[in-house]
2 protein chains.
Amino acid sequence: MNQKLAAQRHELILRAVRTHGTVRLQELVDLLGASAVTVRRDVTALADRGLVVRVHGGITMPKHAEPFPRGPQSVVGPAPAHPLVGMVAPSVEYYWPAVIQGAQTAVAAAGGRLVLRASSYDAAEDRRRVCELLDRGVQTLLVAPSTSGRAGVELLRWLGALTVPVVLVERLPPPELPTTALDAAVTDHAIGAGLAVRHLATLGHRRIGLVTSRQSPHSDAIRTGWTTAVSSLELPFNGVPVLDVPPYGSPQWTRAVDEVIDECLAADVHAVLVHADREAIGVLERARDRGVQVPGDLAVVSYDDEVAAASDPPLTAVRPQKHRLGALAAQLALARLADPLDRPVHRVVLWPTLTVRESCGTALEPQKGWTS
Amino acid sequence: MNQKLAAQRHELILRAVRTHGTVRLQELVDLLGASAVTVRRDVTALADRGLVVRVHGGITMPKHAEPFPRGPQSVVGPAPAHPLVGMVAPSVEYYWPAVIQGAQTAVAAAGGRLVLRASSYDAAEDRRRVCELLDRGVQTLLVAPSTSGRAGVELLRWLGALTVPVVLVERLPPPELPTTALDAAVTDHAIGAGLAVRHLATLGHRRIGLVTSRQSPHSDAIRTGWTTAVSSLELPFNGVPVLDVPPYGSPQWTRAVDEVIDECLAADVHAVLVHADREAIGVLERARDRGVQVPGDLAVVSYDDEVAAASDPPLTAVRPQKHRLGALAAQLALARLADPLDRPVHRVVLWPTLTVRESCGTALEPQKGWTS
DNA sequence: TCGCTTTCGATCGTTTCCGATCGTTTCGTT
DNA sequence: AACGAAACGATCGGAAACGATCGAAAGCGA
């Protein structure tokens, strides 16, 4: 017929699925006079908003709970005796080993087996790894996918449509997909950053800097946590350095750390939160080389307590509960496996803890000019 | 008939097996008009999901499992032999009985005992009840305190400083106390409201009203959920009534409901989300008295599926998982009791589910044409 | 009018679904 | 226990649907 606006097409699609219950995509093409790819686009848009459900070859109404309050039909046969659980972690070098061990422990405790595939912060590779695991025959999945960009949204959409239960680890569905009904276990890194800021504040610091490493998916949360804590404690922002540094060991590394130390001291900032142990240790090393006293001249809190205890001086560190998080995610998956239908979506948030060591100095020297 | 979508076939198969109890595969071939191998594939897929049970030559209903198939799980570490768990609920008439029962079953399953004290949405009384329970010797507490106002903040601060573990139920610390390190189990009422709005939208409504009851602590969350859903679905706001009504049965009740109905019909709004079953049932009654057809003239979704099934017509309702929530809170408390120090703060969020009944007029008779 | 963004459509390679065939297994009857 | 009929599982090929990419057309602001 003639050109229609997107909103009109959506309305017609909804009307059709409403009256027929299920509609074939080809029928929509005839009905709307638009091309198949356009109809597909419309349909995915509606599905993202939770108004229809995509099936191969067409769409149906969203399926909700049965009107008849029948007894828990739940158990699909008792939970398998030896469940095979798959896991896709974006890295096995940094942060994730502890999470993986936690999941491993929990799965083993339930008499099952965990099969791991490593990915590399890339949506396409994440998907390939998941496919491998499905071929391998896993009954449920723990995934920490890349959620950024269009590919990330696409991946989440795909994960949400799998037939095996999926639990997101340290990830939440992006805001474009508000109704993606996946269980998730995450750490509240913003709270963690807040813990560090508050600790430094109780030690008497008022000007507290922040150093994050580029390309970490948690940096954003840490930055917002730092910001809200600083503002809710009514600490000053202006002049306080907030810096990104390149990866530890890269060519520009030393220069970047020097810059951090210089900017802090120049801005009368004697306390910093540094994201990631490696980077914090690097700051410690460089400070020692240059004769900057830690914690005397500069108090340092590390975010992410991997090797912080072994530094010199030992680093006070925010400790995400990675082992517990992994175990929790595995428990969520196993529980969902035992009751895939009636069980509502679970979203669990763990707080990090703060481990106080020596890099902040226990005592606060009496501040001059302590006002208001 | 001719070609059907996979989802349609699955639906028909489920319907057939539900009405007949057991179906021969050949009957399904005739019913669906598909080849035997296709039917077999469908049946296999359904059996994998646990929806039917395969037998030679056909399928049967899955045998219903025992009501509480949950095994002991997730609680790590030795818990006290017979823990005494205290609980303070703000009401024992509305919403809370199911939560209390859930906590009761979980505590009993762990070999402990639950001691309940009822309060009444008042911070001072909440505190008195907690004190009574502490005198009674409880080892851990489930509390749903009043969090509003200065008294609420004060109460939360006090709860956070108690020596026994405290788990908040359906409450979070107020934003003034962002670091109050209490475990909590809450329902995401905003998501629940979104579910209702989306359901009405798929049924074709674009102007969707909202009726909340005053003085309910959940009303705010429901209102924001309604708002975000309406805006993310690009539904209209202007002219759509958003109303507060006095408690059901109060003197102004009838007048308020009349006003709701009048405003809706005057604004061309034929769908409303009503917070709380009682109020929704009141709307239904008044509509019937006045000759307003439900769902013909006005589709109603109730928030909070207590008695919604028994109304006339039965109400489609958003169902917070109260029983599970209570059980979850109790498990959190027991786990904290077993490991009071290292265990990080746990915040668990449950999504409600939507139970579709008749008050919205699903209206679509899905495909006749098969024998009964 | 130009340039930018958004929206829609055509094409192509890939995936998924469906049906036919064939050999094997299971059930009921003798 | 033996037999035949029905049901089952595996494999293959064709057809439809899907996703990705690119390009054209329309809307919008300067």
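Residues numbered from 1 in each chain as written. Chains lettered and ligands numbered in written order. Predicted model: local features only at pLDDT ≥ 70, side-chain atom pairs only at ≥ 80, totals over all residues. Heavy atoms only, no water.

Taking an unreviewed UniProt entry as the reference, chain A is identified by name as LacI family transcriptional regulator belonging to Lentzea flava.

1. Focus: the overall build of chain A
For clarity, the threshold we go by: Secondary structure elements are taken from DSSP: a helix is a run of H or I of four residues or more, a strand is a run of E of two residues or more, and numbering for both begins at the N terminus. Burial classification: accessible surface area is computed with a 1.4 Å probe over protein chains only, and a residue below 20% of its type maximum counts as buried, one above 50% as exposed, and the rest as partly exposed. Here, two residues are considered to be in contact whenever any of their heavy atoms come within 4.5 Å of each other. We get accessible surface area from the Shrake-Rupley algorithm with a probe of 1.4 Å; when it comes to residues, only the shown protein chains can shield them. This count recognises Lys and Arg as positive and Asp and Glu as negative, with His and chain-terminal groups excluded. A single reference atom marks each charge: NZ on Lys, CZ on Arg, CG on Asp, CD on Glu.
Helix and strand counts for chain A stand at 11 helices and 15 strands. Projected onto the principal axes, the alpha-carbon positions of chain A cover approximately 75 × 55 × 40 Å. The 372 residues of chain A split such that 53% are buried. Within chain A, contacts between residues separated by at least 24 positions form 70% of all contacts whose residues are at least 6 apart in sequence. When the accessible surface of chain A is totalled, it reaches about 16,500 Å², and 54% of it is carbon and sulfur. The averaged location of the 38 negative side-chain charges in chain A is 8 Å from the averaged location of its 38 positive side-chain charges.

2. Details of the protein's contact with DNA strand C
Convention followed: We define proximity as follows: a residue is near a molecule or strand when any one of its heavy atoms falls within 4 Å of that partner. Distance and chemistry together define a polar contact, namely a pair of N or O atoms within 3.5 Å, with one atom able to donate a hydrogen and the other to accept it when in protein, and with adjacent residues in sequence counting only for side-chain atoms on both sides.
Close contacts around DNA strand C come from 17 residues, with A:Arg9, A:Thr38, A:Arg41, B:Thr38 and B:Arg41 the closest. Close to the protein, within 4 Å, the atoms of DNA strand C are drawn from sugar and phosphate at a rate of 63%. In the environment of DNA strand C, a phosphate oxygen lies 2.9 Å from a nitrogen or oxygen atom belonging to the side chain of B:Arg9. Separating a base nitrogen of DNA strand C from a side-chain N or O atom of B:Arg41 is a distance of 2.5 Å. If you list the elements that add at least two residues to the surface near DNA strand C, you get helix H1 (6–20) and helix H3 (36–48) of chain A together with helix H1 (6–20) and helix H3 (36–48) of chain B.

3. Examining the interface of chain B and chain A
To keep things clear, this is the line we draw: Accessible area that two parts lose when put together, with a 1.4 Å probe and added across both, is what the buried area reports. One speaks of a salt bridge when a side-chain nitrogen belonging to Lys or Arg is within 4 Å of a carboxyl oxygen belonging to Asp or Glu.
At the interface, 50 residues of chain B touch 55 residues of chain A. For the pair chain B and chain A, the summed buried area comes to about 4,400 Å², and 61% of that belongs to carbon and sulfur atoms. The three residues of chain B that bury the most area against chain A are B:Leu5, B:Thr202 and B:Trp351, which together make up 16% of that side's buried surface. Where chain B packs against chain A, one counts 2 salt bridges.

4. Overview of the protein's contact with DNA strand D
Basically, it comes down to this: Gly is placed with the polar residues, together with every amino acid not listed as nonpolar (Ala, Val, Leu, Ile, Met, Phe, Trp, Tyr, Cys and Pro) or charged (Asp, Glu, Lys and Arg).
By nearness alone, 14 residues border DNA strand D, and A:Arg40, A:Gly57, B:Leu25, B:Arg40 and B:Gly57 come closest of all. Within 4 Å of the protein, atoms of DNA strand D come from sugar and phosphate in 83% of cases. One of the side-chain N or O atoms of A:Arg40 is found 3.0 Å from a phosphate oxygen in DNA strand D. With respect to DNA strand D, the side chain of B:Arg54 contributes an N or O atom lying 3.3 Å from a phosphate oxygen. At the level of elements, strand S2 (53–55) of chain A together with strand S2 (53–55) of chain B are the ones that each hand at least two residues to the surface near DNA strand D. When grouped by side-chain class, the residues that make up the surface near DNA strand D number 4 nonpolar, 5 polar and 5 charged.

5. Focus: the domain arrangement of chain A
The line we're drawing: Note: domain ranges come from an automatic or database domain assignment.
Examined at the domain level, chain A breaks down into domain 1 (6–60), domain 2 (84–188 + 324–351) and domain 3 (189–320). Domain 1 of chain A and domain 3 of chain A are separated by 51 Å when their C-alpha centres are compared.

6. Overview of helix H8 (residues 219–232) of chain A
All names here are of chain A. Rule in force here: Given the number of residues in a helix, its expected span is that number minus one, multiplied by 1.5 Å. The arc in question is the one spanned by the directions pointing from the helix axis to the C-beta atoms.
The terminal C-alpha atoms of H8, which comprises 14 residues, lie 20 Å apart, in line with the 20 Å expected from a rise of 1.5 Å per residue. Of the positions making up H8, those classed as buried are Ser219, Ile222, Gly225, Trp226, Ala229 and Val230. Seen end-on, H8 carries its buried residues on one side only, within an arc spanning 125°. Those residues of H8 that are buried lie in contact with helix H7 (189–202), strand S9 (208–213), strand S10 (242–245), strand S11 (271–275) and strand S12 (299–303).

7. Considerations on the sheet that holds strand S3 (residues 58–60) of chain A
Residues and elements named next belong to chain A. What counts is decided by this rule: Here the rule is simple: two strands pair whenever DSSP picks up at least two bridges between them. In this description, a line fitted to the C-alpha atoms serves as the axis of each element, helices being fitted only across the stretch in contact, and the angle between N-to-C directions of two axes falls anywhere from 0 to 180 degrees.
If you walk across this open sheet you meet the 3 strands as S1-S3-S2, and the pairing is antiparallel. Two strands close off the open sheet at either side, each with one partner strand: strand S1 (22–24) and S2. Taking the axes of each pair of neighbouring strands and ignoring which way they run, one obtains an average angle of 25° across the sheet. Where S2 meets S3, 3 bridges bridge the pair, whose relative direction is antiparallel. By the bridge assignment, Arg54 is partnered in S3 with Ile59. Sheet contacts for H1: S1 and S3; angle to S1, the most-contacted strand, approximately 120°.

8. A closer look at the UniProt feature "domain: HTH deoR-type" (unreviewed entry) in chain A
We apply this condition: UniProt positions are given in the numbering used here, feature names are shortened, and annotations may be inferred rather than shown by experiment.
Feature annotation in UniProt assigns "domain: HTH deoR-type" (unreviewed entry) to the following positions: residues 6–61 of chain A. The span residues 6–61 of chain A is 64% helix and 16% strand, and its two end C-alpha atoms sit 20 Å from each other.

9. Notes on the side chain of A:Lys322
You can see A:Lys322 is positioned in helix H11 (residues 322–338). For A:Lys322, a relative accessible area of 6% puts it in the buried group.

10. Some points on the layout of surface pockets
All names here are of chain B. How we decide: Put simply, the grid is 1 Å and covers the protein atoms alone, a cavity is a trapped set of points that fit a 1.4 Å probe, a pocket is an open set with protein on both sides within 12 Å along at least five of seven lines, and lining residues have an atom within 4 Å of a point. Grid points are joined across faces, edges and corners, and a volume is the space filled by probe spheres set on the points.
For the second largest pocket, the calculated volume is near 710 Å³. Looking at the second largest pocket, it is lined by 23 residues, and the ones nearest its centre are Thr147, Glu170, Arg171, Pro217 and His218. Only strand S8 (183–187), helix H7 (189–202) and helix H8 (219–232) provide two or more residues apiece to the lining of the second largest pocket. Here the lining of the second largest pocket spans two domains, since at least three of its residues come from each of domain 2 (84–188 + 322–351) and domain 3 (189–319).

11. Concerning the environment of B:Ala108
Mapping B:Ala108 onto the fold places it in helix H4 (residues 96–109). A sequence separation of 222 residues divides B:Ala108 from B:Ala330, and the C-alpha atoms of the two residues are 9.9 Å apart.

12. A short note on helix H10 (residues 277–289) of chain A
Residues and elements named next belong to chain A. Across its 13 residues, H10 extends 18 Å between first and last C-alpha, which sits within 8% of the 18 Å expected from 1.5 Å per residue. Along H10, the residues classified as buried are Asp277, Glu279, Ala280, Ile281, Gly282, Val283, Leu284 and Ala287. Looking one or two residues beyond H10, the residue adopting positive phi is Gly291, at roughly 80°.

13. Examining the pairing of strand S4 (residues 84–89) of chain B
A regular strand places its side chains on the two faces of the sheet in alternate fashion. All names here are of chain B. Rules: For a crossover, the right-handed case is the one in which the path from the first strand over the helix to the second runs clockwise, viewed with the strands pointing away from the viewer.
A large share of S4 lies buried, amounting to 6 of its 6 residues. Burial of S4 is two-sided: the residues Leu84, Gly86 and Val88 facing one way and the residues Val85, Met87 and Ala89 facing the other way are all buried. Direction of pairing for S4 relative to strand S5 (residues 113–118): parallel, over a ladder of 6 bridges. When the sheet's bridge partners are listed, Val85 is paired in S5 with Leu114. Considered for its hand, the β-α-β crossover made up of S4, H4 and S5 is right-handed.

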